[in-house]
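# Observations on the three-dimensional arrangement
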Amino acid sequence: MKSKTRTPFLRATATGLTPGRVRPLALALSCVLLTACATVGPDYREPPPVDIGSGWTLPLASASQSADLSQWWSALDDPVLDRLMVTALAQNLDLRQAAARIDEARALRDRVAGEALPTAAAGASVNRRRQSENGPLPVGSIPGLDATQTIYDAGFDAAWEADLFGAKRRALEGASARLQATEAEAQGVRMRIVAEVARTWFNAVGARYELHAQQATLDTLQQTWELVRLRHALGDASAADVEAAYAQWTAVNALIPDIEARQRAAVLSLGVLLGAPPERELALLDGPLAPSTLRALPVGERADMLRRRPDVLAAERRLAASSADIGVATAELFPKLSIGVGGGFQALSTGNWFDASSSRFSILPLISWRLFDGGRVRAEIRAREAAERQAALAYEQAVLAALGDAERALVDYHGGLDTLARRGMSLDAARTSYGHARTRYAAGDIALVELLAAQRSLHEAETAAARAHTNAAVQLVALYKALGGGWDVSTAAPTATHSLRGATAPLAFSSR
């Protein structure tokens, strides 16, 4: 039995339109709508301008020099740190999670892109059924038609919704921008891990440096104690002098376990940062750890820093996505055109299942338009516009926060270098003073209390110098992080621009 399928487009009413006249009218209207395709909503080009000032507040001779900070740690000439970085960037679990988030965002973008394409499905079925002979249609009484039938059916169905007003294009814009924001955030994770590995390593080295300073102080106090004991044996020093020298030695010796614990804790943290058990790098405790040479570095202009900041780039991409969301919501105000197509073969016998007489076909163009919905669409548009304003303010906030971070990090690091230099001068003076005091005490020219005072000054100067070096190294890491150091340039590509008053900074992100 042939299946007769009608093709409705617009219902023909008592206006004299016959099905034969409706079909060409439908095709003509479809062509008009397809040629009138437009993309509604705002076209995003760049974020609002943000005043970034005229330059750094701290006078810097290196401010105009642009530097490649993608692998800033290599300039420190520390092979151990280089090895730790390579391992962390390959195995750190936070970085691997960030890569998985990129894959997820890319898949969501691809899903949105697929929604603009037609969908098609194919299927086949065999339906064995029996119809009632006492129903409204007495099947059994119709000649040649049995109450029990087997229906063989095979065919396909396809559907497509024309993107007349750009809803799908805007959705793809938003999904692409969110993918780029996710990629920028992944760069932020990379920079954070780089900074954390360097900071932890510098803490371990600094603890070793401080431990060496304390050990040197202990050696000096040991020699002083033995000298006082010798003078006591000769009758030139009292027992109280011996006890005072011993008390100095025990006071410094009591500091050693805490320093060793801090060094061990830092090395254990390195193992976890490298995506391994904590004890992975315990061998570093027995190896030579030399403090890095710290110096001023070229920082470039403010706009250079903003080009590298993942938080700024991610905020700009989220703003672009919010702008696209307005277009998606606005498209709901306009008509939608969808076209469904179906076809196949249907028969009561396998012998003629795929004969030409068993074929069936249907086409269903459909126009739908939300004429009244209680203002829900317009409310959604207002909500998307408010979200875009929030994203614009968040972008401006990210720019200003980045400037604040970089300014504070610059001040801290340059202050740390100044402190380190002054601590070095103080240590040199303390060593010279202690040498004179020890010589004079051996000659009997000064009392023990003066020698112990010189020793205490030397001990304090050595400890302060070691801590100043560690603090400056940690501040250097904070500065590199604030300047956007650690960006993976191999996956960065300038694909958009955003305006900064006084400079135009190209956005960089992976466009894969």
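What comes next concerns the included structure. This one's a predicted model, so the numbers in the text were calculated from it and none came from an experiment.

On to the overall build of the protein chain, then. When helices and strands are counted, the protein chain shows 10 helices and seven strands. Across the 512 residues that make up the protein chain, the buried fraction comes to 41%. Of the contacts formed within the protein chain by residues at least 6 apart in sequence, a portion of 80% connects residues at least 24 apart. Accessible area for the protein chain stands at about 27100 Å²; split by element, carbon and sulfur atoms hold 56% of it.

Enumeration over the complete set of coordinates arrives at 27 salt bridges. With its nearest N and O atoms 3.0 Å apart, the salt bridge here joins Arg109 to Asp110. Taking relative accessible area as the criterion, Asp110 reaches 43% and is therefore assigned partly exposed. Of the charged contacts, one joins Glu380 and Arg384 as a salt bridge, the two residues approaching to 3.3 Å between their closest N and O atoms. Here Arg384 and Glu380 lie together in helix H9 (residues 376-442), a separation of four residues that amounts to about one turn. Among the ionic contacts, a cluster of salt bridges with common partners joins Glu210, Asp258, Arg262 and Arg467.

Let's shift gears to the packing of helix H4 (residues 167-233) against helix H8 (residues 310-330). The N-to-C vectors of H4 and H8 enclose an angle of 165°; their axes lie 8 Å apart at closest approach. Accordingly, the angle class assigned to the pair H4 and H8 is roughly antiparallel. In terms of crossing hand, the pair formed by H4 and H8 is left-handed. Within the contact of H4 with H8, the residues separate by chemical class into 13 nonpolar, five polar and seven charged.

In an α-helix, one turn spans 3.6 residues; hence positions three or four apart end up facing the same way. Helix length check: helix H3 (residues 93-114) (22 residues) gives 31 Å between terminal C-alpha atoms against 32 Å at 1.5 Å per residue, within 8%. Listed in full, the buried residues belonging to H3 are Leu95, Ala98, Ile102, Ala105, Arg106, Arg109 and Val112. Within H3, the buried residues cover an arc of 115° as seen down the axis, which keeps them to one side. Packed against the buried residues of H3 are helix H2 (79-91) and H4. The N-capping residue of H3, defined by a side-chain oxygen 2.9 Å from the backbone nitrogen of Asp94, is Asn92.

We now examine the sheet that holds strand S2 (residues 119-130). Ordered in space as S2-S3-S4-S5, the four strands form an open sheet in which the pairing is antiparallel. The sheet is open, and its two borders are formed by S2 and strand S5 (359-368), each paired with just one other strand. Put simply, the sheet's adjacent strands are angled 20° from each other on average, direction ignored. With 10 bridges connecting them, strand S4 (residues 336-347) and S5 associate as antiparallel partners.

What follows deals with the side chain of Thr224. For Thr224, the location among the structural elements is in helix H4. Classification of Thr224 by relative accessible area gives buried; the value is 2%. Excluding its chain neighbours within four sequence positions, the residues that come into contact with Thr224 are Tyr434, Leu451, Leu452 and Gln455.

Attention shifts here to the environment of Ser338. The topology assignment puts Ser338 in strand S4. With 28 residues separating them in the primary sequence, Ser338 and Leu366 have C-alpha atoms 5.3 Å apart. Contacts of Ser338, omitting those with residues within four sequence positions, involve Trp160, Glu161, Leu364, Pro365 and Leu366.

With that settled, consider the packing of aromatic side chains. Considering all chains together, one arrives at nine aromatic pairs under this definition. With 5.9 Å between their ring centres and 80° between their planes, Trp72 and Trp73 make a pair best called edge-to-face. Neither residue differs from the other here; Trp72 and Trp73 are each classed as buried. Here the aromatic cluster, defined as three or more aromatic residues joined through ring pairs, consists of Tyr152, Phe345, Trp353 and Phe354. Its guanidinium or amino end placed over the ring of Trp225, Arg229 lies 5.2 Å from that ring's centre, counting from NZ or CZ. A cation over an aromatic ring shows up here: Arg231 above the ring of Tyr441, its NZ or CZ 4.3 Å from the ring centre.

Pairing of S2 with strand S3 (residues 148-162) involves 12 bridges; the strand directions are antiparallel. Its bridge partner being in S3, Arg129 is matched across the sheet by Gln149. Examined bridge by bridge, S3 and S4 share 11 bridges and lie antiparallel to one another. Opposite Gly155, over in S4, you have Gly344 as the bridge partner.

Conventions we followed
- Residues numbered from 1 in each chain as written.
- Predicted model: local features only at pLDDT ≥ 70, side-chain atom pairs only at ≥ 80, totals over all residues.
- Heavy atoms only, no water.
- Helix = DSSP H or I, 4+ residues; strand = E, 2+ residues; numbered from the N terminus.
- Buried < 20%, exposed > 50% of the residue type's maximum accessible area, 1.4 Å probe, protein only.
- Contact = heavy atoms within 4.5 Å.
- Areas by Shrake-Rupley, 256 points an atom, 1.4 Å probe, with all protein chains shown as cover.
- Salt bridge = Lys/Arg side-chain N within 4 Å of Asp/Glu carboxyl O.
- Axes fitted to C-alpha atoms, helices over the stretch in contact; angles between N-to-C directions.
- Parallel < 35°, antiparallel > 145°, perpendicular 65-115°, else oblique.
- Left-handed = near helix turned anticlockwise from the far one by under 90°.
- Nonpolar A, V, L, I, M, F, W, Y, C, P; charged D, E, K, R; others polar.
- Expected span 1.5 Å × (residues − 1).
- Arc of directions from axis to C-beta.
- Polar contact = N/O pair within 3.5 Å; in protein donor to acceptor, adjacent residues only side chain to side chain.
- Pairing = 2+ DSSP bridges.
- Phe/Tyr/Trp six-rings, centres within 6.5 Å; stacked < 30°, edge-to-face > 60°.
- Lys NZ or Arg CZ within 6 Å of the ring centre and 35° of its normal.

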